Amino acid sequence: MPDLSQAKLYGILDLGYVSLEAAPYTADLLLKSGVDILQLRAKDRQPTEVETLGKQLLPLAREAGVPLIINDHPQVAANIGADGVHVGQDDMPVAAARALIGPNKIVGKSTHSLEQAVAAQAEGADYIGFGPLFATPTKPGRPAIGTADIAAAHERVESIPIFCIGGVKLENLPALVGAGVR
């Protein structure tokens, strides 16, 4: 399993923003720009489409030395030999995802509150996505959680990395760092 403890920048290649055809090119740009982890997020796509694209992205991620994480589809991740899977609060438990993808693979979990973050650590997640911090069209209907709990999350979730997600932009980075984002 790749060591995530030094990872700082979690890149999400979201097919809600990028066309299927442009995804390999965009992934290559993300990898060359210094992401430490690359997640393929393809909501509302069939697993076969995710698998086909994942097979195209995996060699790019390997060449860059960056773990490839598949969102929502542990069986797809297992089929293509991806480094891990990311599951949401309404998806399967971490243990079920790990059973599908394998014991030496990464399993991340989305969290939307301090309580969920602590629970994900206890559940055995290898990292958490904490957010959305700001409003984002990729999470329709999910209110932004803001930045108030970031420092507390880092204090209470000490054994796994926390990646702050949702509406993160260059202009709000100073506020995020000020709130305790690592």
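Note that the structure is a prediction, hence the values are computed from the model and not measured.

Trainee: Please clarify how helix α4 (residues 94-101) should be interpreted in this entry.
Mentor: Working note: α-helix, 3.6 residues per turn, so residues spaced by three or four point in the same direction. Taken together, the buried positions of α4 are occupied by V94, A97, R98 and I101. The arc that holds the buried residues of α4, viewed along the axis, is 100°, so those residues lie on one side. Seen from the open side of α4, the exposed residues pointing more than 90 degrees away from its buried face are A95 and A99. Considering only its buried residues, α4 is in contact with α3 (74-80), β4 (84-87), β5 (106-111) and α5 (114-123). Phi for G102, located one or two positions after α4, is positive at around 120°.

Trainee: Help me understand α5, please; the structure alone is not making it clear to me.
Mentor: The set of residues buried in α5 consists of L114, A117 and A120. The arc that holds the buried residues of α5, viewed along the axis, is 125°, so those residues lie on one side. Opposite the buried face of α5, by more than 90 degrees, sit the exposed residues E115 and A122. Contact partners of the buried residues in α5: β5, β6 (127-130) and α6 (150-156). Directly beyond the C-terminal end of α5, a positive phi value near 100° is found at G124.

Parameters at a glance
Residues numbered from 1 in each chain as written. Predicted model: local features only at pLDDT ≥ 70, side-chain atom pairs only at ≥ 80, totals over all residues. Heavy atoms only, no water. Buried < 20%, exposed > 50% of the residue type's maximum accessible area, 1.4 Å probe, protein only. Helix = DSSP H or I, 4+ residues; strand = E, 2+ residues; numbered from the N terminus. Arc of directions from axis to C-beta. Contact = heavy atoms within 4.5 Å.

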